[in-house]
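If you want the building blocks of each chain, they are given just below.
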Amino acid sequence: MSEFFLELFSEEIPSSLQKSLREDLLNNFVKIFNEKSISFKKNSSFSTPNRLVILFEGLQKKIILKSEQIRGPNVKAPEIALEGFLRSNNIVKKDLIKKKLDKGEFYFFKTKSKKLSTQDLLEELIPQILNKIQWKKSMRWSDFSLSWGRPLKSILAIFDKKKLTFNFHHLTSSNTSFIDKEFEEKKKIFTDFKDYNNFFKKINITIDHNLRKNFIEKKLDEISSKRNVKIENNPKLIDDIVDLTDQPNVILCEFDRKFLNIPKEILIITMQYHQKYFPTFDKKGNITNEFLVVTNKKDINGLIKLGNERVVEARLNDAEFFWKKDKSQNLVKRVSVLKSMNYFKGLGTYFDKVQRMRKIGGMLSDELLISKDKVELSASICKVDLVSELVGEFPELQGIMGGYFAEAQGFEKDVCKAISEQYLPVGLNSKVPKKPYSVALSLADKIDTLVGFFGINQKPTSSKDPFALRRLALGIVKTIVENKKDFKLRDLISYSAGLYFDQGFEFENKSLQKELENFLMDRLKFYMKEEKIRNDIISASTSFLNLDQSVIIFGKAKSLNKFIDKPNGIDVVSSFKRASSILESELKDKKLEISNTTDPGIFKTEFEKNLYKKIVELKKYFQNINKDEDFDLTINNLAESKKVIFDFFDNVIINENDITIKKNRLELIQMLCKTFDYYVNFSLIDSRQ
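Conventions we followed
- Residues numbered from 1 in each chain as written.
- Predicted model: local features only at pLDDT ≥ 70, side-chain atom pairs only at ≥ 80, totals over all residues.
- Heavy atoms only, no water.
- pLDDT = per-residue confidence, 0-100.
- Helix = DSSP H or I, 4+ residues; strand = E, 2+ residues; numbered from the N terminus.
- Phe/Tyr/Trp six-rings, centres within 6.5 Å; stacked < 30°, edge-to-face > 60°.
- Buried < 20%, exposed > 50% of the residue type's maximum accessible area, 1.4 Å probe, protein only.
- Lys NZ or Arg CZ within 6 Å of the ring centre and 35° of its normal.
- Pairing = 2+ DSSP bridges.
- Axes fitted to C-alpha atoms, helices over the stretch in contact; angles between N-to-C directions.
- Contact = heavy atoms within 4.5 Å.
- Parallel < 35°, antiparallel > 145°, perpendicular 65-115°, else oblique.
- Left-handed = near helix turned anticlockwise from the far one by under 90°.
- Nonpolar A, V, L, I, M, F, W, Y, C, P; charged D, E, K, R; others polar.
- Core = buried A, V, L, I, M, F, W, Y, C linked by side-chain atoms within 4.5 Å.
- Salt bridge = Lys/Arg side-chain N within 4 Å of Asp/Glu carboxyl O.
- Polar contact = N/O pair within 3.5 Å; in protein donor to acceptor, adjacent residues only side chain to side chain.

### Section: the confidence of the model for the protein chain
Part 1: Looking at the protein chain, pLDDT values average 92 and 99% of them are 70 or higher.
Part 2: Least confident of the elements in the protein chain is strand S4 (residues 62-65), whose mean pLDDT is 78; most confident is helix H15 (residues 436-455), at 98.

### Regarding the packing of aromatic side chains
Part 1: Inspection of the entire model under this criterion finds 44 aromatic pairs.
Part 2: Arranged with centres 6.2 Å apart and planes meeting at 25°, the rings of phenylalanine 255 and phenylalanine 291 form a pair that is stacked. One end of the pair, phenylalanine 255, is in the loop between strand S15 (249-254) and helix H7 (264-274); the other, phenylalanine 291, is in strand S17 (residues 287-295), with 36 residues separating them in the sequence.
Part 3: By relative accessible area, phenylalanine 255 is classed as buried at 4%.
Part 4: The class of phenylalanine 291 is buried, set by a relative accessible area of 0%.
Part 5: Between the aromatic rings of tyrosine 343 and phenylalanine 453, the centroid separation amounts to 6.3 Å while the plane-to-plane angle is 85°, which identifies the pairing as edge-to-face. With tyrosine 343 in strand S18 (residues 342-344) and phenylalanine 453 in helix H15, this pair connects stretches of sequence that are 110 residues apart. Across this residue pair, the class does not change: tyrosine 343 and phenylalanine 453 are buried.
Part 6: The side chain of lysine 339 reaches across the aromatic face of phenylalanine 351, ending 4.8 Å from its centre.
Part 7: The ring of phenylalanine 526 has arginine 523 lying over it, and the distance from NZ or CZ to the ring centre is 4.6 Å.

### Quick notes on the sheet that holds strand S5 (residues 69-74)
Part 1: If you trace the three strands from one edge of the open sheet to the other, you get S5-S7-S6, paired in antiparallel fashion. Looking at strand neighbours, the two that pair on one side only are S5 and strand S6 (96-101), the edges of this open sheet. Recorded for the sheet is a direction-independent mean angle of 40° between the axes of neighbouring strands.
Part 2: Direction of pairing for S6 relative to strand S7 (residues 104-110): antiparallel, over a ladder of six bridges. Bridge pairing in S7 places lysine 100 opposite glutamate 105.
Part 3: The strands that helix H2 (residues 79-88) touches are S5, S6 and S7; relative to S5, the one it contacts most, it runs at about 160°.

### Some remarks on the packing of helix H21 (residues 567-586) against helix H24 (residues 642-651)
Part 1: Direction vectors running N to C along H21 and H24 enclose 30°, while the axes themselves pass 10 Å from each other. Compared by their axis directions, H21 and H24 come out roughly parallel. The handedness of the crossing between H21 and H24 is left-handed. For the pair H21 and H24, the contacting residues are Asp571, Ser574, Ser575, Arg578, Ala579 and Ile582 in the first and Lys642, Ile645, Phe646, Phe649 and Asp650 in the second.
Part 2: Class assignment of the residues belonging to the contact of H21 with H24 gives a composition of five nonpolar, two polar and four charged.

### Quick word on the nonpolar core
Part 1: Ranked by internal contacts, the top residues of the largest apolar core, which has 133 residues, are Leu450 and Phe682.
Part 2: Counting residues per element, this core draws most heavily on H15, at eleven residues.
Part 3: Residues within four places of phenylalanine 682 in sequence aside, it is in contact with Leu560, Val572, Phe576, Lys577, Leu638, Phe676 and Asp677.
Part 4: Formed by 36 residues, the second largest nonpolar core is a distinct cluster that contains Leu8, Leu130, Leu152 and Phe159.

### Section: the pattern of salt bridges
Part 1: Within this structure, the stated rule accounts for 38 salt bridges.
Part 2: Note that arginine 534 and aspartate 536 form a salt bridge whose closest N and O atoms lie 2.7 Å from each other.
Part 3: Judged by its relative accessible area of 15%, arginine 534 falls in the buried class.
Part 4: Linking glutamate 617 and lysine 614 is a salt bridge whose minimum nitrogen-to-oxygen distance equals 3.4 Å. Of this pair, glutamate 617 and lysine 614 both sit in helix H22 (residues 606-623), three residues apart, roughly one helical turn.
Part 5: Taking the relative accessible area as the measure of exposure, lysine 614 reaches 18% and is therefore buried.
Part 6: Bridged by salt links that share partners, the residues Lys353, Arg356, Lys383, Asp445 and Asp448 form one connected network.

### Comments concerning the side chain of serine 430
Part 1: Structurally, serine 430 can be placed in the loop between helix H14 (413-420) and H15.
Part 2: The class for serine 430 is buried, based on a relative accessible area of 16%.
Part 3: A distance of 3.1 Å separates the side chain of serine 430 from the backbone nitrogen of valine 426, its partner in a polar contact.
Part 4: Here serine 430 is in contact with Leu424, Pro425 and Lys478, once residues within four sequence places are set aside.

### Considerations on the packing of helix H8 (residues 303-327) against helix H13 (residues 400-408)
Part 1: Between H8 and H13, the shortest axis-to-axis distance is 9 Å and the interhelical angle comes to 55°. Overall, the two elements H8 and H13 adopt an arrangement that is oblique. The handedness of the crossing between H8 and H13 comes out as right-handed. Taken together, the residues of H13 that come into contact with H8 (itself represented by Trp323, Asp326 and Lys327) are Met401, Tyr404, Phe405 and Ala408.
Part 2: Here the residues of the contact of H8 with H13 sort into five nonpolar, no polar and two charged.

### Notes on the sheet that holds strand S1 (residues 2-10)
Part 1: On the basis of which strands lie adjacent, the open sheet formed by five strands has the order S2-S3-S1-S9-S10 and antiparallel pairing. Looking at the sheet topology across the chains shown, the edges are occupied by strand S2 (42-47) and strand S10 (162-163).
Part 2: In this sheet, strand S9 (residues 152-159) lies alongside S1 in antiparallel orientation, the contact comprising seven bridges. Following the sheet pairing, leucine 8 is matched in S9 by isoleucine 155.

### What to know about the pairing of S9
Part 1: Counted residue by residue, S9 has seven buried out of eight residues, so it is predominantly covered.
Part 2: Sheet topology note: the S9/S10 ladder contains two bridges and is antiparallel. Looking at S10, one finds that phenylalanine 159 is bridged to lysine 162.
Part 3: The loop that links S9 with its antiparallel partner S10 comprises two residues; one of these, aspartate 160, has a positive phi angle of about 55°.

Right, dumping it as structure tokens:
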């Protein structure tokens, strides 16, 4: 058994490209190895900022391709078809055999088994695999034709301790690699991965990104425990840093305590997002003036620590200056500045937007039973932070800083919180606004945006969503469902469109209402799927309720999904399926017509009477349900009907000779099915899952 080892050495590849390259390239190798019958025992991929490594262990030196029968054209096909088959397989007619199949008699050609050299195959396949790499962003340099994430400098390729030789654009593979990314004249010959890995380990370079991650996480924990501080769990930041270093080292730095007086979000954004540092927090969750930095070398003389502290100090000085200046600027007086700030072509300025948001928020305030004046005030000043220098420097803080500015100027807490939470939720796992004023402002903003962009036909396509409208729609769905508060969304969409018209904006999309309703319903279905609700249950719960009942749709689906494989759920589905299948079978006779009424006066058995009584009980239960329906209780009530339903079917002949009795019994079954459908459309539930 032999080892195949490939290293691609390039200029530093960004973290955003590195992970996908690592995974995609390995998957491409695995796929083509399986297609070519190249077996292996283990495979792995590793990367550093400059090196991508692919490793396969347990390959055979020779590959045996078994003989197989290749089907050709039908024996009755035109001669030209047969000639083409012979030519493409480099054979003559005497090599063919005839074989009868269900669809007729065909020519077949039996290939001979043969042995191939794995080395030869690899030299042929590797350039093909590398050419298939799909980069999100790539570049060309000099006069070379190769498009790669960053300039590719060398290719090291070894099989069975021998170098593989092939050409890939302007590069020729070898058994050497650069040992220092700064001084590329230093190269070394390698014979296998162990030799390669051990060499770099001796010079403190860790090739395996998993080991780097473990080291960084361990060091972060050690230092934070020693200093009695905490760091926020941030897997993305960890992964980014892992891909930016090959000799990681963690150091503790600090900034002047005076900066703790500015909003903590500014400190976090400065360190976490701009500099990729780890801010620290005390046991009460308050940010401290200490932060952790992952460097790419040991800080022997303390210069790296000093340099990082100076960078943070400079950025925080700017932030402090902007904070003091911006928080003193009167928010209400600055609303007029929004008139000179364009929102989007065809949708007016930000001043136009906040006027629309004021009115949508006012409409929402009626349903939330909150002060209309406070909602309108929140909407009026919610976008003023966009013209502040602080948000200009830290755009990630829009909304959040608006809340701080409002607080500094003495606005009520509800107003400040609504402004700071107006953009929530920002993703599938993001928290949603819970306070009524925050809910009103968040929904008003998102509804106005969706209506506007759909109105001017800037809708998402199957592959593109440049304005993140799917995320906005999901935000509406999450806010409504998680607050368990339904709104008349269809009316809000119509009202929002009217506000644009009132401002003089014309929409070219005349199907706006229907398209946006369908779009939001699709996002609700997506959200339900992410909550692990079965597809058939999603279909069953959304088939007869509309967007204004999103909370009910979600609640019913979630509850049914919880019980579907348990005794109660099984009883409900089996009861409905038994009834509906008999009804469907009997109604295949086109001559038989039944009405929507059942006559209890002509029941002949106690089983009919008992079933009718149970249906009446269930209908009464559904009619008395208010908005606070206990969905689990409803399923239990339906499940408890099973005995009465099955007793009826086990003891009553539906196909009665007396046509009046037969129709009455079918009407009773139809009444039962319609009663079950008060919950969801059970006909769409797949009982075979």
